[in-house]
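# Report on the structure
If you want the building blocks of each chain, they are given just below.
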Amino acid sequence: MDPNNPGPEDYGHDRSGDDTVPRRQSRDPLTPDFGHQAPQQSRTVQLISGDLLLTVNPVDGSEIEPCRPGERPAAPVRHTAAQRVDRERAAAPPVPAGPPAPQLPLLERQEDRERLVRLLARGRSVRLTGPAGSGRTALLDAVAADCASLAPDGVVRLSGHKRTVADLLHALFEAVYRAPLHRPDREGLLALVQGVGAVVVLDDLEFGGAPLQELLDATPECAFLLGATPEVPEPGADSGIEEVLLTGLGRSASIELLEQVVERELTDEEANWAGDLWFESQGLPLRFVQAGALLRQRDELRTGPEAVDTDDDPADVPPFGTAGPMATPLPSLGEGAAPAALLASRLSEAARDTLRFAVALGGEVPHQAHLPALVGDTHADAALGELHRSGLLSPAGPRYRLAAGVMAQLEASGYAETADAHARSAAQHYTWWSGHPSVTPERAVAEADAVLGSMARLVPGEQAGQASVAVLLARSAAPAFAAGMQWGAWEKALRTGQEAARIAGEVAEEAYFHHELGVLALCAGNLDRARAELETSISMRGALADKAGAVAGRRALALVADRSGDPAPSEGGPAAEDMPAPRLGDAASPPGGVPAVLPLFPRVTDTSAMLIPRQEPYPKATAGARAGVLRGARRNLVAVGAGALLAAVLGTVVTLGATSGSEGPEGQSVTTEQSASEDDGEDGYPADEPADDPASEGDRSGDGAAPVSPSGTATPSASGSPSPGTSAPDKSPGTGTPSSGSPTGRPTQGSPSPTKKPTKPPTPTPTAPTTPPTESPDPTSPGPSPTETETDPETSDSAGGPAESAGASASGQSSATADSGPTTA
């Protein structure tokens, strides 16, 4: 199709029904183009750890929460005999590619074999101790085959290479029980393995003493057959373990084993050489297997194309196994004692590269499926068979590793010069492989030793970029180890990755590893360690503004606090993104708290006539500062305001009822519509003055303010016009105060300054009243209601009758503002 004139199918039109249009073949997602790798989805796996639900999240970090009752798994079920056989076959090392190696007999081990079987049949545990290369693994395999029917749970084969007690207990549980995605906690694990009755064959044991006693006490119904080297600590004196020592082979058995490897009889020269080798190696079977590989390579060199002259008659070529003019000399005794370098020099280039990778990974040999990608040769998987037939490898669980002493010999020969480069190549390959969606956690766990070996080589490296490569590998492999429930390898990957991230300065990745270590410690029940790791992760992610990671860390930390019985962590408070959003209509408190409410009514100094119980006065507010802070919610403020309003209303109603029913001595009611006279002010009691409160100063701001009478009408001001319904009082012109000749004897006061706070006038000397005073409240004194009046109980009995009331309205009366003149500022 013309790229400049696209057809309709380029615009999404369906032409699937047209058979004339060729369809484009889909690409294989597992083989993307170089530089355009297909996007990969992150794998999240949920599994049960005790009573916790663990969600392994490779992106933001694993999440952990209590498992709901409906989500808890069923009780584990024991494997059947057929399932145990299938699992044992799957756990065996893979058969190397290439021609099969000869089956070697078990020489001079029949007595030890029968003794071990008798001890195990009695339920006794046995420790088989022998030097590296003495044939322990072959003897353990033969004894395991003889004990297949001794125990109800059969024979369980375990590898103690780089394994702890907890790892071995979980491996025993997985070998006997079927519990997918369920890893019991410490208490549940011990309860389950106590009922396991099996013969446990444990090779490559690396601990003794108290840890070994812990393993034995946790499995009282199991009989252990332990294989260890003399360097491993011995078990305790009260452990009850039988000790069986394994020695080397005799001279005749060693020569017989050498002939089995070479698959022919030895010549006299070769037999003498084998005798010297036996004396030097103390009859270790591994040395004779490697020596047989040297003789086999020698035979191949003698019969190879380079060893035969094509110009000669083929009849002149010596037969196989006989000495000839082109015979290769025998290896020296030193080469026979340390044959690794000589054997490797006669192997293929792919096999030598495999050895370089094994040295770089700390002796761990990659699986044969990875060799083509690592070496760069499509037929490199056959290299594993070459190495195995040469005696350079030994089985270790489901994998192979370099045989005893081989790594030291190869390092002395220069194979460690490129170890850093090979470890970096292996790490980059395993980073891609372990993160690929097609790789199951079980396959990643089977390759855990090689992955950890590559990381261990890179972390202390001094070359630039090595630590970053280790961080990427740990970031990719650790979630796979967690999902595969190989938590020993998970912890090692996390600790190595955390150290590599610290060296590389990658804070975000270091925070991730701290979070995962905290989750792992929480699953293991180590709450103090979990708290420390999670707090470190939260602080790092808070500095990086990683909201999702910080939320996951705080959730896990809250679970730690709940499990330990401590209060929930409050340092720093919850983050803003974790706070629930306020709903519409909800009252939000201000950041500084709720300010105090000023009093609704000004403070009154004279409370003798108040009917409402007097409360403690509010503190007077100062300029530039609030009176106080009321610690409460909005509903408390509403309740306080409603209570104050209700008290004011009730006081008004009670006061009105009291004043409406009050009458004079002769049945006449006292009116409040008349203004107080000048004489009344001097003979009666002075009006109550308000306290010095800023809230009441607005009513006394000056002469222009017109006070309101209790009847609801405005009283005349100092300038003059009378109120409706009242007579104009006599007063001195231009002033609102009595004259100096007033009979009250008050001193004449000048007009106060508007800005000066008024002072309380002195109390006048009471004189005999000529006219009964009219009860009139202070017009400037605020109260709950404009109609509220105050009644003095001392003067109510001496009040006059109608004549005195009439005299109150005679001449000589002054306005209410005259009396209140000094109080008006």
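Predicted model only: the values in this text are computed from it and were never measured.

### Side note on the overall build of the protein
Broken down by element type, the protein carries 28 helices and 15 strands. In the protein, buried positions account for 38% of the 825 residues. Put simply, of all contacts in the protein between residues at least 6 apart along the chain, 72% involve residues at least 24 apart. As presented, the protein carries roughly 44400 Å² of accessible surface, and 54% of it is formed by carbon and sulfur atoms.

### Remarks on the packing of helix 7 (residues 251-262) against helix 8 (residues 268-281)
Interaxial distance between helix 7 and helix 8 falls to 10 Å at its minimum, and their mutual angle equals 125°. By the criterion of interaxial angle, the relationship of helix 7 to helix 8 is oblique. The handedness of the crossing between helix 7 and helix 8 comes out as right-handed. Contact residues: R251, S254, I255 and L258 in helix 7; A271, A274, G275 and W278 in helix 8. Residue classes in the contact of helix 7 with helix 8 are distributed as five nonpolar, two polar and one charged.

### A few points about empty space enclosed by the protein
In the structure shown here, the tally under the stated rule is five cavities of 30 Å³ or more. In this model, the second largest cavity occupies a volume close to 60 Å³. What lines the second largest cavity is P94, V365, P366, H367, Q368, L384, P398, R399, Y400 and E447. Among the residues making up the lining of the second largest cavity, the classes are represented as six nonpolar, two polar and two charged.

### Describing the pairing of strand 9 (residues 199-203)
With respect to burial, strand 9 is a largely interior element, five of its five residues being buried. Neither face of strand 9 is left uncovered, since the one carrying V199, V201 and D203 and the one carrying V200 and L202 both have all their residues buried. As paired strands, strand 9 and strand 10 (residues 223-228) are joined by four bridges and run parallel to one another. Bridge pairing in strand 10 links V200 to F224.

### A closer look at unusual backbone geometry
Positive phi outside glycine occurs at E108, with the angle close to 55°. Looking at the secondary structure, you find E108 in the loop between helix 1 (81-91) and helix 2 (110-121).

### Notes on the sheet that holds strand 10
Each strand in a sheet pairs with its neighbour through backbone hydrogen bonds, running either in the same direction (parallel) or in the opposite one (antiparallel). One open sheet holds the five strands; their spatial order is 6-9-10-5-11, and the pairing between them is parallel. Since the sheet does not close on itself, it has two edges, and those belong to strand 6 (155-159) and strand 11 (242-245), each with one partner. Between one strand axis and the next, the sheet turns through 15° on average, direction left out of account.

### Regarding the pattern of salt bridges
A complete count under the given rule lists 29 salt bridges for this structure. A salt bridge links R157 to D141; the nearest nitrogen and oxygen atoms lie 2.6 Å apart. Within this pair, whereas R157 is found in strand 6, its partner D141 is found in helix 3 (residues 136-146), the two being separated by 16 residues in sequence. Residue classification places R157 among the partly exposed positions, given a relative accessible area of 32%. Salt bridges here are not isolated pairs; linked through shared partners, they connect K162, E364, R399, R401 and E447.

### Some thoughts on the environment of S468
By the element assignment, S468 lies in helix 19 (residues 466-483). Overall, S468 belongs to the partly exposed group, its relative accessible area being 27%. When the C-alpha atoms of S468 and A504 are compared, they prove to be 6.0 Å apart, with 36 residues separating the residues in sequence. Apart from residues no more than four positions distant in its own chain, S468 is found in contact with A504 and E506.

### Overview of the side chain of S49
Its location among the elements puts S49 in strand 1 (residues 45-49). The buried category is assigned to S49, whose relative accessible area is 4%. When neighbours within four sequence positions are excluded, S49 is seen to be in contact with R183, W487 and C523.

### A few points about the sheet that holds strand 8 (residues 182-183)
Ordered by their spatial adjacency, four strands build an open sheet running 3-2-1-8, and the pairing between neighbours is mixed. If you trace the sheet from one side to the other, it starts and ends with strand 3 (63-66) and strand 8, each paired once. As defined by bridge partners, strand 1 adjoins strand 2 (residues 52-56) across five bridges and the pair is classed as antiparallel. When the sheet's bridge partners are listed, V45 is paired in strand 2 with V56. Helix 21 (residues 507-524) rests against strand 1, strand 2 and strand 3 of the sheet, and its axis sits at about 155° to strand 2.

### Side note on helix 21
An α-helical turn contains 3.6 residues, so a residue and the one three or four places further along point in the same direction. Compared with the 26 Å implied by 1.5 Å per residue over 18 residues, the 26 Å span of helix 21 between its first and last C-alpha is a close match. Extensive coverage of helix 21 is indicated by the burial of 14 of its 18 residues. Two residues or fewer after helix 21 comes G525, characterised by a positive phi angle close to 90°.

### Thoughts on the nonpolar core
Burial of nonpolar side chains together is a common tendency in soluble globular proteins. Counting 87 residues, the largest nonpolar core has L54, I64, L402, L410, F481 and W490 as its most contacted members. Here this core gets 11 residues from one element, more than from any other, and that element is helix 19. Residues within four places of W490 in sequence aside, it is in contact with L54, S62, A478, F481, A482, E516 and L520. In terms of nonpolar packing, the next biggest core, distinct from the first, is built from 29 residues, L189, L215, A218 and I241 among them.

### Digging into the packing of aromatic side chains
Overall, the coordinates contain four aromatic pairs when judged by the stated rule. Judged by centre distance (5.4 Å) and plane angle (70°), the ring pair of Y512 and F513 falls under edge-to-face. Of the two residues, Y512 and F513, both sit in the buried class. One residue, R475, lies across the ring of Y512, its end atom 3.5 Å from the ring centre.

### Re the confidence of the model for the protein
When pLDDT is averaged along the protein, the result is 73, and 62% of the positions lie at 70 or above. In this model, residues 1-41 is a region of pLDDT below 50 whose contacts with residues beyond four sequence positions or in other chains number 21 contacts. Below a pLDDT of 50 lies the segment residues 570-633, which in the model reaches 44 contacts outside its immediate sequence neighbourhood of four places, other chains included.

### Remarks on the environment of V165
Within the element layout of this structure, V165 appears in helix 4 (residues 165-176). For V165, a relative accessible area of 9% translates into the label buried. Separated by 46 residues in sequence, V165 and P211 place their C-alpha atoms 6.6 Å apart. For V165, the residues in contact, after removing those within four places along its chain, are F207, P211, E214 and L215.

### Side note on helix 20 (residues 487-504)
Taking 1.5 Å per residue as the helical rise, helix 20 with its 18 residues ought to reach 26 Å, and the 25 Å between its terminal C-alpha atoms agrees with that figure. Regarding helix 20, the residues found buried are W487, G488, A489, W490, A493, L494, G497, Q498, A500 and A501. Where helix 20 terminates, the next one or two residues include G505, which has phi positive at roughly 75°.

### Overview of the side chain of D203
Within the secondary structure, D203 sits in strand 9. You can call D203 buried: its relative accessible area is 6%. Apart from residues no more than four positions distant in its own chain, D203 is found in contact with R136, T137, L140, L158, S159, G160, H161 and G227.

### Re the environment of V451
Along the chain, V451 turns up in helix 18 (residues 448-458). Separated by 28 residues in the primary sequence, V451 and A423 place their C-alpha atoms 9.6 Å from one another.

About the cut-offs
Residue numbers here run from 1 along each chain, matching the order of that chain's written sequence. Selection of residues for local features in this predicted model requires a pLDDT of at least 70, selection of side-chain atom pairs for listing and counting requires 80 or more, and totals for whole chains, interfaces and linings are taken over all residues. Excluding hydrogens and water, the side-chain figures rest on all heavy atoms present in the structure. Secondary structure elements are defined from DSSP: runs of H or I of at least 4 residues count as helices, runs of E of at least 2 residues count as strands, and each element is numbered from the N terminus. Classification of residues uses two cut-offs on accessible area relative to the type maximum, computed with a 1.4 Å probe and protein chains only: under 20% is buried, over 50% is exposed, and between them is partly exposed. Contact definition: two residues touch when any of their heavy atoms are within 4.5 Å. Per-residue and other accessible areas were derived by the Shrake-Rupley procedure at a 1.4 Å probe size, with only the shown protein chains allowed to occlude residues. With axes taken as lines fitted to C-alpha atoms, and helix axes fitted only over the stretch in contact, angles between N-to-C directions fall between 0 and 180 degrees. For this classification, under 35 degrees means roughly parallel, over 145 means roughly antiparallel, 65 to 115 means roughly perpendicular, and everything else is oblique. Put simply, a crossing is left-handed when the front helix is turned counterclockwise from the back one by less than a right angle, and right-handed when it is turned clockwise. Throughout this entry, Asp, Glu, Lys and Arg are counted as charged residues, while Ala, Val, Leu, Ile, Met, Phe, Trp, Tyr, Cys and Pro are counted as nonpolar. The remaining residues, Gly among them, count as polar. With a 1 Å grid laid over protein atoms only, a set of points is called a cavity when a 1.4 Å probe fits there but cannot get out and a pocket when it is open yet has protein on both sides within 12 Å along at least five of seven lines; lining residues have an atom within 4 Å of a point. Grid points are joined across faces, edges and corners, and a volume is the space filled by probe spheres set on the points. Two strands pair under a simple rule: DSSP has to find at least two bridges between them. Salt bridge, as used here: a side-chain nitrogen of Lys or Arg that lies within 4 Å of a carboxyl oxygen of Asp or Glu. One fewer than the residue count of a helix, multiplied by 1.5 Å, yields its expected span. We call a set of buried Ala, Val, Leu, Ile, Met, Phe, Trp, Tyr and Cys residues a nonpolar core when their side-chain atoms join them within 4.5 Å. A pair of aromatic rings is counted whenever rings of Phe, Tyr or Trp (Trp by its six-membered ring) have centres within 6.5 Å, and the orientation is called stacked for planes under 30 degrees apart, edge-to-face for over 60 and tilted otherwise. Only lysine NZ and arginine CZ atoms are considered, and such an atom sits over a ring when it is within 6 Å of the ring centre and within 35 degrees of the ring normal. One confidence number per residue, pLDDT, is output by the predictor and ranges from 0 to 100.

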